[in-house]
Amino acid sequence: MAEFSPPNLLSHIVNEDTVHLTGIDFETPRVLLARGKDFKADIVIGADGLKSVCREALLGWKDPPRLTGDLAYRVTVSGSEMRKHANLQDLVESPAINFWMGPDSHVVGYLLKGGDLYNIVLACPDNLPELDPRLKELPYLASGAAMAVEDGYCLGRLLSYISSRSQLPDILTIYEALRKARTTRVVKQSSHYQQIFHIHDGPRQEERDRQLAEFNEEPYEGYPNKWRDPVFREWLWGYDVNVEVEKAWAKYEKGQFPLIVGGFRSRL
Ligand SMILES: Cc1cc2nc3c(=O)[nH]c(=O)nc-3n(C[C@H](O)[C@H](O)[C@H](O)COP(=O)(O)OP(=O)(O)OC[C@H]3O[C@@H](n4cnc5c(N)ncnc54)[C@H](O)[C@@H]3O)c2cc1C
């Protein structure tokens, strides 16, 4: 955002296809581009994914994604084709998330496009040569994009409230407080879920399977299938980012939000 007079703001949305970002000058601040004129900005939002130039610019060192040790294959199959096979009909006719768990590997399948497409993901140990594509973060909760959407909404909503540049540092403090704990928990739970899925055959695996079968109708907090864990699913899917932002903003306007620099005073 190079300049704005509330409630308008000028935003430059930089996309790799059109503009390749090479770094950030934090003093000006300014976004450095591979081609064309650099952008000056009051705030730079570095949402450039896993291989992030913005993250490396902020840290000041190379920070490539770390490999997880897992590899995923993804296949989509036409729902109508599957209906032609008696032993596959169930998968398309009763919508559910189906898991097959095994030592170090699992398969998950579910319907997309209102039942027209069956999505299958096969996760297994990563034994590919160094240069091939592989997983850089564990996808076992299928929530990365959901978190990115919540992040974007949260930041956009906070920016829509401000009336002066002096509030920008406070906006970022509120944003971090709202988003960091939630997204960190998703990442950690995803890793935990991997351990549950990939147990080797033996007493732990048998006990997991007993709990899954015995309490399928009455899942409890910590139930091995996170999608049916009543406490976790409420936390993951019951979250209303709009409500959380409004609560945080109300607190901020009362001058009660921790760690802010007090930009709200400019409105008093
Ligand atoms: C196979 C697969 C299945 C998935 N399934 C799910 C799912 O079911 N549910 C779910 O919630 N999530 C899922 N995810 C995860 C989800 O896709 C990611 O977590 C999410 O896309 C991350 O969003 P992001 O905006 O942070 O980054 P990205 O989506 O990676 O966006 C980054 C953007 O920045 C741009 N960019 C990068 N570098 C530069 C540069 N130097 N200059 C300019 N632009 C740049 C890129 O072009 C891109 O547009 C899946 C991921 C994969 C790979």
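Whatever comes next refers back to the structure up there.
All figures in this text were calculated on a predicted structure; none of them were measured in a lab.

A.B. asks: Where do I start with the packing of helix α4 (residues 144-161) against helix α8 (residues 241-253) in this structure?
C.D. replies: The packing of two helices is summarised by the inter-axis angle and the distance between the axes. Running from amino to carboxyl end, α4 crosses α8 at an angle of 35°, the nearest separation of the two axes being 10 Å. Crossing of α4 against α8: the hand is right-handed. Contacts between α4 and α8 involve Glu 150, Tyr 153, Cys 154, Arg 157, Leu 158 and Tyr 161 from the former and Val 241, Asn 242, Val 245 and Trp 249 from the latter. Along the lines of polarity and charge, the residues of the contact of α4 with α8 split into 7 nonpolar, 1 polar and 2 charged.

A.B. asks: Whenever I open this one, the sheet that holds strand β4 (residues 70-78) confuses me. Can you help?
C.D. replies: Sheet strands pair by backbone hydrogen bonding; their relative direction is either parallel or antiparallel. Reading across from one edge, β4-β7-β6-β5 is the order of the 4 strands in this open sheet, with antiparallel pairing throughout. Each of the sheet's edge strands pairs with one partner strand only, and the pair in question is β4 and β5 (98-102). Ignoring which end each strand starts from, the neighbouring axes of this sheet average 15° apart. Taken together, the 5 bridges between β5 and strand β6 (residues 105-112) define a ladder with antiparallel strand orientation. The residue bridging Gly 102 from the neighbouring strand is Ser 105, located in β6.

A.B. asks: Would you mind going over the nonpolar core with me for this structure?
C.D. replies: Note on soluble globular proteins: their nonpolar side chains tend to be buried together. Counting residues in each nonpolar core, the largest one holds 9 residues, listed as Cys 154, Leu 155, Leu 158, Ile 174, Leu 178, Val 245, Ala 248, Tyr 252 and Phe 264. Listed by contribution, the elements that provide at least two residues to this core are α4, α5 (168-197) and α8. Each residue touching Phe 264, except ones within four places of it in the same chain, is listed here: Gln 167, Asp 170, Tyr 252, Glu 253 and Gly 255. Membership of the second largest hydrophobic core comes to 5 residues, among which are Tyr 140, Leu 141, Tyr 193 and Phe 197.

Analysis parameters
Numbering of residues begins from 1 in every chain and follows the order in which that chain's sequence is written. Since the coordinates come from a predicted model, pLDDT governs what is reported: local features require at least 70, and pairs of side-chain atoms require 80 or more to be given and counted, while whole-chain, interface and lining totals use all residues. Helix axes use the C-alpha atoms of the stretch in contact, all axes being lines fitted to C-alpha atoms, and the angles between their N-to-C directions lie in the range 0 to 180 degrees. Secondary structure follows DSSP: runs of H or I at least 4 residues long count as helices, runs of E at least 2 residues long count as strands, and numbering of each begins at the N terminus. Each crossing is labelled by how the near helix is turned from the far one, with a counterclockwise turn of less than a right angle marking it left-handed and a clockwise turn marking it right-handed. Contacts here follow a simple rule: the backbone-placed C-beta atoms of the two residues must lie within 7 Å. Any residue outside Ala, Val, Leu, Ile, Met, Phe, Trp, Tyr, Cys, Pro, Asp, Glu, Lys and Arg is labelled polar, Gly included; the first ten of those are nonpolar and the last four are charged. Think of it this way: DSSP has to see at least two bridges between two strands before they count as a pair. By definition, a nonpolar core groups buried Ala, Val, Leu, Ile, Met, Phe, Trp, Tyr and Cys residues that are joined through C-beta atoms within 7 Å. Counting other C-beta atoms within 10 Å of a residue's own tells you its class, since 20 or more makes it buried, 12 or fewer makes it exposed, and anything in between is partly exposed; those C-beta atoms are placed from the backbone.

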